[in-house]
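A closer look at the structure
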Amino acid sequence: LICHWPFSHSSRLYSIDSRLATIIPINTMMQSKAPSFRYYSTLFVLSLLVAVCDGFGGKNKKKQKEEALAAEEAAAQEVAEEPFDGHVIFGIEMSTKTLTSSVVLAVLVAFALLTELVSEKSSASDKKIGNNPDAEGTVDVIIVGCGLPKKGMGWYHLTQLLDMPTANLRAVVEPFFMNPDLCKDPPKSWINFVEELQAKGVECVASVDDLSPLDATKKTAALVAGRTHDNPKLFSQCIAKGCNVIYLEKPGAPSVAALEEMKAEAVKEGVKVYIGYNKNVTPYVQNALKVAETTPNAHVFFCHNNSYKQKDLPEVFTRNSEGMLKNMAIHELALLVTFFDVKVDTIDKFKVNTSKLFSEKLSIWKPGTNLPNPEYLTDFSRVAFKITTKAGVNVSVMADRCGGNVSFAVVKDEHGKEVQKFEFPTEEAAKEIEKKVAADPDIMPYFLVQSDDYLELKNRVIDAILADKEPKGIATIDVAIEALKLAEYGTEELNKALSVE
């Protein structure tokens, strides 16, 4: 008896043999995944084993001990002279006495196995995957590291990609929520979300290796938005799978060394890499840069705010364990690298504003740890510093996790007088965002604040892929490496200047 027993999140194939009186688990797979070649292979091997036991185990093992040697030899001679009355299966002669139901089962499963193999090979290139597979002038896109709906950066990218006419959202790779070994009870919101994606034709899997073969006739871009420490591994897997372009969420890797290794791998395999630094294209930054260009010895001050509450910081510190400068403030550091030529070896002075109003270093209890062995996380809730380069350029950065939804850039003249201030979002846009957040309090507010920038980045990258050109204003992995060097340098300087509160 062969039965396929469905469970809520996974399924197992069982073979029940009445003679063995056992139940053998053969294969475990996600409910959404169709029986694979391995599925039929395992079934075939088991059935063939049963057939061999039946056919050659000796149903007729009973010997006629009382027969004399002469009678046995005579009987053997008589059988040898008779024509063969049986069947040849897999090149083996079997009499009708040994042709059991198990042998027939093995033959049938072998046929199913070969049919599945031929079907997989013949249809692999014709299989249509994604929400927009038939449209011309599209790039196949794979989201790697989705996260929960309304919480994960990958999720928000995905929602925008579904509406982009130049993108075919081919697949989603979610290493945690799609893996039953790591997440035994996925949230209902995730289960419903996967069902919606699958209904649109989007493949949902737990690892890059589980993806169906990519379409060799099209360019495929992987948008990697996993946790920072997971990104190097996910990055390598995407390259090995055959992705041509990788859009990597900031900062890309937990260390400069890791990011440099990733660059070397991409160069070797001819893969283009872009980093999701959305401040590079945001209007308030571009407007400030234009004013600074016409202001002699201008001093630009960038302020980046998030709207977390103080009570949210334990979760924020845990989720962004790479630290504030490698996470939140890395956007501003990328601006400094790109537009002000600020690098570790070009810095003359790094001055920290040590007032608690501007800079604060906290040590916070780590959620999930308890007495008598509690763990603590140390990071910055806000920072402010001014950099002067060896060329005499002055630029300042402030970042505040609990500063609200409005960020801004201020341009000052050489005497410190404010020339112009540019806010983001504008007062009118901020009111609209507040209404949206009130209507959907579960969504991360900064998704809505920076939504237009995220969309602009993806449009520029995809348009450039289709035109076989470099996208304008998009940070490369070289910029990301210099920004990460700056983050490590800045973290050291801040730790020297600030004590834990």
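Residues numbered from 1 in each chain as written. Predicted model: local features only at pLDDT ≥ 70, side-chain atom pairs only at ≥ 80, totals over all residues. Heavy atoms only, no water.

Regarding the overall build of the chain
Helices and strands together make up the secondary structure of the chain, namely 14 helices and 19 strands. A buried classification covers 46% of the 501 residues belonging to the chain. Carbon and sulfur atoms make up 54% of the accessible area of the chain, which totals about 26,300 Å². (Helix = DSSP H or I, 4+ residues; strand = E, 2+ residues; numbered from the N terminus. Buried < 20%, exposed > 50% of the residue type's maximum accessible area, 1.4 Å probe, protein only. Areas by Shrake-Rupley, 256 points an atom, 1.4 Å probe, with all protein chains shown as cover.)

A word on the nonpolar core
Among the nonpolar cores identified, the biggest contains 119 residues, and V144, L161, I246, L259, F302 and L336 are the most heavily contacted of them. In terms of residues, this core owes the most to one element, helix α14 (residues 477-497), which gives nine residues. Not counting the four nearest positions on each side in its chain, L336 is found in contact with F302, D341, V342, I387, V395, V397 and L486. Judged by nonpolar contacts, the second largest core, of six residues, contains F301, A384, M398 and V410. (Core = buried A, V, L, I, M, F, W, Y, C linked by side-chain atoms within 4.5 Å. Contact = heavy atoms within 4.5 Å.)

A short note on the pairing of strand β12 (residues 299-305)
Counted residue by residue, β12 has seven buried out of seven residues, so it is predominantly covered. Every second residue of β12 is oriented toward a common face, with H299, F301, C303 and N305 on one face and V300, F302 and H304 on the other, all of them buried. Judged from the seven bridges that link them, β12 and strand β16 (residues 394-400) form a sheet pairing that is parallel. Bridge pairing in β16 links H304 to A399. In terms of strand pairing, β12 meets strand β17 (residues 407-412) through five bridges, oriented antiparallel. (Pairing = 2+ DSSP bridges.)

A short note on the confidence of the model for the chain
Note: predicted coordinates in regions of low pLDDT should not be interpreted at a detailed level. Looking at the chain, the pLDDT average stands at 84 and 75% of residues meet or exceed 70. pLDDT under 50 marks residues 1-34. Its contacts with residues more than four places away, or in other chains, come to 68 contacts. (pLDDT = per-residue confidence, 0-100.)

A closer look at the sheet that holds strand β9 (residues 220-224)
Ordered by their spatial adjacency, seven strands build an open sheet running β8-β7-β6-β9-β10-β11-β19, and the pairing between neighbours is mixed. Either end of the sheet is taken by a strand with one partner, and the two such strands are β8 (203-205) and β19 (475-476). Relative to β9, strand β6 (residues 139-144) runs parallel, the two sharing five bridges. Its bridge partner lying in β9, I143 is registered against L223. Sheet contacts for helix α6 (residues 231-241): β6, β9, β10 (245-248) and β11 (272-275); angle to β10, the most-contacted strand, approximately 165°. (Axes fitted to C-alpha atoms, helices over the stretch in contact; angles between N-to-C directions.)

Re the pattern of salt bridges
Applying the stated rule across the entire model yields 18 salt bridges. Note that K421 is salt-bridged to E423, the shortest N-O span being 3.7 Å. The network of salt bridges with shared partners includes D140, R170 and K218. (Salt bridge = Lys/Arg side-chain N within 4 Å of Asp/Glu carboxyl O.)

Points about the packing of aromatic side chains
Applying the stated criterion across every chain, the model contains 13 aromatic pairs. Seen from their ring centres, Y284 and F424 are 5.4 Å apart, and the 10° between their planes marks the pair as stacked. On the criterion of sequence distance, the pair formed by Y284 in helix α8 (residues 283-293) and F424 in strand β18 (residues 418-424) is long-range, its members being 140 residues apart. Feature note: the residues W155, Y156, Y446, F447 and Y454 constitute an aromatic cluster, connected by ring pairs. Over the aromatic face of F408 sits the side chain of K421, whose NZ or CZ is 4.3 Å from the ring centroid. (Phe/Tyr/Trp six-rings, centres within 6.5 Å; stacked < 30°, edge-to-face > 60°. Lys NZ or Arg CZ within 6 Å of the ring centre and 35° of its normal.)

A short note on the environment of P165
Here P165 shows up in the loop between α4 (153-161) and β7 (167-173). Through-space distance from the C-alpha of P165 to that of T138 is 7.3 Å; in sequence the pair is 27 residues apart. Beyond its immediate stretch of four places on either side in the chain, P165 contacts N132 and T138.

Side note on helix α7 (residues 256-269)
Here α7 contains 14 residues, and its C-alpha end-to-end distance of 20 Å stays within 8% of the 20 Å for a straight helix at 1.5 Å per residue. Those residues of α7 that fall on the buried side of the exposure criterion are V256, A258, L259, M262 and A266. Down the axis of α7, the buried set is contained in an arc of 160°. They therefore lie on one face. Exposed and oriented more than 90 degrees from the buried face of α7 are E261, V267 and K268. Residues of α7 that are buried make contact with α6, β10, β11 and α14. G270 lies just past α7 and shows a positive phi near 70°. (Expected span 1.5 Å × (residues − 1). Arc of directions from axis to C-beta.)

Examining the side chain of N278
Mapped onto the elements, N278 comes out in the loop between β11 and α8. Looking at N278, the relative accessible area reads 1%, which means it is buried. Only 3.4 Å separates the side chain of N278 from the side chain of H331, close enough to count as a polar contact. When sequence neighbours within four positions are dropped, the list of residues in contact with N278 reads H331, Q450, D453, Y454 and L457. (Polar contact = N/O pair within 3.5 Å; in protein donor to acceptor, adjacent residues only side chain to side chain.)

Things to note about the packing of helix α10 (residues 330-340) against α14
Put simply, α10 and α14 touch, their axes get as near as 9 Å, and they point 115° apart. In the packing of α10 onto α14, the handedness of the crossing is right-handed. For the pair α10 and α14, contact is made by I330, L333, A334, L336, V337 and T338 and by V479, E482, A483, L484, L486 and A487, respectively. Classifying every residue of the contact of α10 with α14 by side-chain character gives 10 nonpolar, one polar and one charged. (Left-handed = near helix turned anticlockwise from the far one by under 90°. Nonpolar A, V, L, I, M, F, W, Y, C, P; charged D, E, K, R; others polar.)

What about unusual backbone geometry?
Leaving glycine aside, a negative phi is the common case for residues, and trans is the common case for peptide bonds. Residue P372 follows L371 across a cis peptide bond; omega there is 10°. By the element assignment, P372 lies in the loop between β14 (360-365) and β15 (376-389). At the junction of F424 and P425, the peptide bond is cis and its omega measures out at -5° in the coordinates. Residue position: P425 is located in the loop between β18 and α11 (427-439). Phi is positive for N297, close to 50°, though the residue is something other than glycine. With respect to the element layout, N297 can be found in the loop between α8 and β12. Since its relative accessible area comes to 55%, N297 is described here as exposed. Residues other than glycine seldom take positive phi values, yet D468 does so here, at roughly 55°. Turning to its location among the elements, D468 is positioned in the loop between α13 (451-467) and β19.

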